[in-house]
Amino acid sequence: GRLGASRTCASGCLEEENPEFWRSRAQRTLQSALDRKLNTNVAKNILFFLGDGMGITTITAARILKGQLENKTGEETVMTMDTFPNVGLAKTYSVDFQIADSAATATAYLCGVKTNLNTIGVSAAARNGVCKTQKGNEVTSILKWAKDAGKSVGIVTTTRVQHATPATSYAHSASRKWYSDADMPAAAKRDGCTDISSQLLKNTDVDVIIGGGRKYMTPWGVKDPEYPKDYASRGKRRDGRNLIDEWQSLKTGKVAHYVWNRTDFNAVDPETTDYLMALFEPGDLRFEAERDPNMDPSIAETTEKAIRILQKNPKGFFLLVEGGRIDQAHHAGRASMALHETVAFDHAIAKGLELTAEHDTLTVVMADHSHPVTFNGYPFRGQSILGKSPLWATDVLPYTTLMYGNGPGHKITNGTRPDIQAKDYVQLAAVPTKSATHSGEDVAVLARGPMAHLFQGVNEQSYVAHAMAYAACVGADVRHCRGLPEDPAVQSTVAVGGGAAAVGGGALAVLLGALLALEAPV
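Given the structure is predicted, the values throughout are model-derived calculations rather than measurements.

What counts, and at which threshold
Residues numbered from 1 in each chain as written. Predicted model: local features only at pLDDT ≥ 70, side-chain atom pairs only at ≥ 80, totals over all residues. Heavy atoms only, no water. Helix = DSSP H or I, 4+ residues; strand = E, 2+ residues; numbered from the N terminus. Buried < 20%, exposed > 50% of the residue type's maximum accessible area, 1.4 Å probe, protein only. Contact = heavy atoms within 4.5 Å. Areas by Shrake-Rupley, 256 points an atom, 1.4 Å probe, with all protein chains shown as cover. Pairing = 2+ DSSP bridges. Axes fitted to C-alpha atoms, helices over the stretch in contact; angles between N-to-C directions. 1 Å grid on protein atoms, 1.4 Å probe; cavity = no way out; pocket = protein on both sides within 12 Å on 5 of 7 lines; lining within 4 Å. Points joined across faces, edges and corners; volume = space filled by probe spheres on them. Nonpolar A, V, L, I, M, F, W, Y, C, P; charged D, E, K, R; others polar. Patch = residues over 30% accessible without salt bridge, like charges linked within 9 Å, V, L, I, M, F, W, Y side chains within 5 Å. Salt bridge = Lys/Arg side-chain N within 4 Å of Asp/Glu carboxyl O. Polar contact = N/O pair within 3.5 Å; in protein donor to acceptor, adjacent residues only side chain to side chain. Disulfide = S-S within 2.5 Å. UniProt positions renumbered as here; feature names shortened; annotations may be inferred. Parallel < 35°, antiparallel > 145°, perpendicular 65-115°, else oblique. Phe/Tyr/Trp six-rings, centres within 6.5 Å; stacked < 30°, edge-to-face > 60°. Lys NZ or Arg CZ within 6 Å of the ring centre and 35° of its normal.

Another aspect to go through is the overall build of the protein chain. Secondary structure summary: the protein chain contains 14 helices and 13 strands in total. Across the 522 residues that make up the protein chain, the buried fraction comes to 55%. Taking as baseline every contact in the protein chain between residues at least 6 positions apart, the subset at least 24 positions apart corresponds to 72%. Of the roughly 21,700 Å² of accessible surface on the protein chain, 55% is carried by carbon and sulfur atoms.

With mixed pairing, the 3 strands of this open sheet are ordered in space as S9-S10-S11. Every interior strand has two partners, whereas the edge strands, strand S9 (373-375) and strand S11 (429-432), have only one. In this sheet, neighbouring strand axes are inclined to one another by 20° on average, regardless of whether the strands run parallel or antiparallel. As defined by bridge partners, strand S10 (residues 402-407) adjoins S11 across 3 bridges and the pair is classed as parallel. The residue bridging tyrosine 404 from the neighbouring strand is alanine 429, located in S11. The sheet contacts of helix H2 (residues 56-69) involve S9 and S10, and relative to S9 the element is tilted by about 55°.

Let's shift gears to empty space enclosed by the protein. Applying the stated criterion across every chain, the model contains 2 cavities of 30 Å³ or more. As a volume, the largest cavity reaches approximately 130 Å³. Listed by contribution, the elements that provide at least two residues to the lining of the largest cavity are strand S3 (152-160), helix H10 (299-310) and helix H12 (335-355). Class assignment for the residues of the lining of the largest cavity results in 8 nonpolar, 5 polar and 4 charged. Reported here for the second largest cavity is a volume of approximately 60 Å³. Elements represented by at least two residues in the lining of the second largest cavity include exactly strand S2 (86-91), strand S13 (457-460) and helix H13 (463-472). The residue inventory of the lining of the second largest cavity, partitioned by class, reads 7 nonpolar, 4 polar and 1 charged.

Turning our attention to a nonpolar patch on the surface. Nonpolar side chains collect at one region of the surface, where Ile56, Leu89 and Val458 lie side by side and expose about 230 Å² of accessible area between them. Mapped onto the secondary structure, leucine 89 falls in strand S2. Among the residues examined, leucine 89 registers a relative accessible area of 31% and is labelled partly exposed.

Looking now at the environment of aspartate 183. Tracing the backbone through its elements, the reader meets aspartate 183 in the loop between helix H5 (164-168) and helix H6 (186-190). Of the residues examined, aspartate 183 reaches a relative accessible area of 34% and is grouped as partly exposed. In this structure the C-alpha to C-alpha distance between aspartate 183 and arginine 238, which are 55 residues apart in sequence, comes to 9.5 Å. In contact with aspartate 183, not counting residues within four places along its chain, are Lys177, Trp178 and Tyr216. Polar contacts involving the side chain of aspartate 183 include one to the main-chain amide nitrogen of serine 180, which spans 2.9 Å.

Taken as a whole and assessed by the stated rule, the structure comprises 2 disulfides. In this model cysteine 131 forms its disulfide with cysteine 193; the gap between the sulfur atoms is 2.0 Å. Residues cysteine 131 and cysteine 193 share a disulfide whose torsion about the S-S bond is about 100°; that sign makes it right-handed. Taken as a pair, cysteine 131 in the loop between helix H3 (102-111) and helix H4 (142-148) and cysteine 193 in the loop between H6 and helix H7 (196-202) lie far apart in primary sequence, 62 residues in all. Residue class for cysteine 193 comes out buried when judged on its relative accessible area of 6%. Across a sulfur-sulfur distance of 2.3 Å, cysteine 473 and cysteine 481 are joined as a disulfide pair. Its S-S torsion of approximately -135° makes the covalent link between cysteine 473 and cysteine 481 left-handed. When its relative accessible area of 10% is taken as the criterion, cysteine 473 is described as buried.

Sites flagged by UniProt as "binding site: Mg(2+)" (unreviewed entry) map to Asp52, His163, Thr165 and Glu322. In three dimensions, the annotated residues from a span of 271 residues occupy one location, with a maximal C-alpha spread of 11.2 Å. Within the secondary structure, histidine 163 sits in the loop between S3 and H5. Not counting residues up to four positions away in its chain, the partners in contact with histidine 163 are Arg176, Tyr179, Asp284 and Gln328. As for its placement among the helices and strands, glutamate 322 is situated in strand S7 (residues 317-323). When neighbours within four sequence positions are excluded, glutamate 322 is seen to be in contact with Leu50, Asp52, Val156, Thr157, Thr158, Thr159, Thr165, Pro166, Ile299 and Phe345.

With that out of the way, let us pick up the packing of H2 against H12. Close contact between H2 and H12 brings their axes to 9 Å; oriented N to C, the two are set at 80°. In this view, H2 runs roughly perpendicular relative to H12, as classed from their interaxial angle. Packed against H2, whose contacting residues are Thr58, Ala61, Ala62, Leu65, Lys66 and Leu69, the element H12 presents Leu339, His340, Thr342, Val343, Asp346 and His347 at the interface. Class assignment of the residues belonging to the contact of H2 with H12 gives a composition of 6 nonpolar, 4 polar and 2 charged.

Moving on to the pattern of salt bridges. On inspection of all chains with the given rule, the structure shows 31 salt bridges. A salt bridge links glutamate 290 to arginine 334; the nearest nitrogen and oxygen atoms lie 3.4 Å apart. Of this pair, glutamate 290 sits in the loop between strand S6 (275-279) and H10 while arginine 334 sits in the loop between helix H11 (325-331) and H12, and the two are 44 residues apart along the sequence. Through salt bridges with shared partners, a single network forms among Glu16, Glu75, Glu76 and Arg381.

This brings us to the packing of aromatic side chains. Tallying each qualifying case throughout the model produces 5 aromatic pairs. Taking the centre distance of 6.0 Å and the plane angle of 75° together, the rings of phenylalanine 49 and phenylalanine 345 count as edge-to-face. Here the residue phenylalanine 49 occupies a position in strand S1 (residues 45-51), and phenylalanine 345 occupies one in helix H12, the gap between them amounting to 296 residues. Each member of the pair, phenylalanine 49 as well as phenylalanine 345, is classed as buried. Their ring planes at 45° and their centres at 5.1 Å tell us that tyrosine 179 and tyrosine 216 sit as a pair that is tilted. Here tyrosine 179, found in the loop between H5 and H6, pairs with tyrosine 216, found in the loop between strand S4 (208-212) and helix H8 (243-250); they are 37 residues apart in sequence, far enough to count as distant. Of the two residues, tyrosine 179 and tyrosine 216, neither departs from the other in class, the shared state being buried. The ring of tyrosine 93 has lysine 114 lying over it, and the distance from NZ or CZ to the ring centre is 3.5 Å.

Below, the structure written as structure tokens:
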């Protein structure tokens, strides 16, 4: 999708001038809705697709791009996620901030408890970066509930596997930044906290782990197998542990594969594999548009491998699939990259539906938060979503259909905007920031399969974990498979203890600290 490329509707949309076109289409949609029957089965499997930063503007723009990549006008395109019959909205604020990050939101939709910015797998009684407040305030995730119920579990991401979204499924940390022990302050280690990578091995027995993050698993200075000459890619750990080797030794007696490239990944036979750890990059994976298909598989391919391994379990599975770099592209003001990541994510959703059955698999697609990207102007039908408005601004300069409220694309020089550049264009931002922030509007929650009708209306984001758990009879509320209509005792997702602390006199310092932490892209 280059800037300015378009396929307008001037010649190809004559049928749309006929009112019968719209009437018949609406009647088909209406009949489909009338014919729909509630699926009240127990969900054997849960497929949970999380588009990080995939707000509704991003979904709309990616839909258009997907169609335009197929040489269509784009607006009428139906993405796979568009076919989900049940749609609701989730409120994304955290306990301490109006606009949240990926750590606080993940704790809400995976653990069912809202919390503070930058913290994962802990309640809001914990404080960002303060190890001592972590103890007794841990909350467990639906991945653990599913494992405890005998299901197989997995995580697939395009980021490092220690990043906020996947980490919240297995770790408890007062800071989302504690990827390895080298990232932790001395006080946190002294007070008994452990890094996220080490918790990946210790907390929950995760069957399939796919993403990036090799450097947080190996000792300081150990050369990366793919980039041996790159110092930034070398091992980070200061405790001398090689967690990849430890993971393999923990799986003695099982068929467990560790792979870091496509060749070895392709050689993994799902039918004979019990465990898979695939770490394709030292840190996050490459953007889909820059991915080397000879070295790294796509998110659709990793999703397929994960499902084929997990679905051998007769009790079913829980799989978290994160399109994690939609968010990172938006932080960089690179709308094109964000949209291509979203299209790739939609392909993974299609693969998930292809490999599972709707009668026993609950599939949920949602975002954790949105971004300050706007879809504006009056572009003609079929005009490139990455192009510019046909109307120029009052400064007699063009502007793009997509732009940002803040971010690195702020380009006012001597009171004027520069003309639009094409290659690797960073969209204009109204306010200069090193990295675009998140935005705080509600996000879409889309569902299909058993009990998908629970995902409707406007709800707290923390509701999502409880609704998924109810559908699958995992966690404390198992009424759905026992036929019990009465309310259960209030479900607690606190792992240890659970005391609640009021925000004390140091609250302002905590809030300021969290804000400073957000200077870096999250």
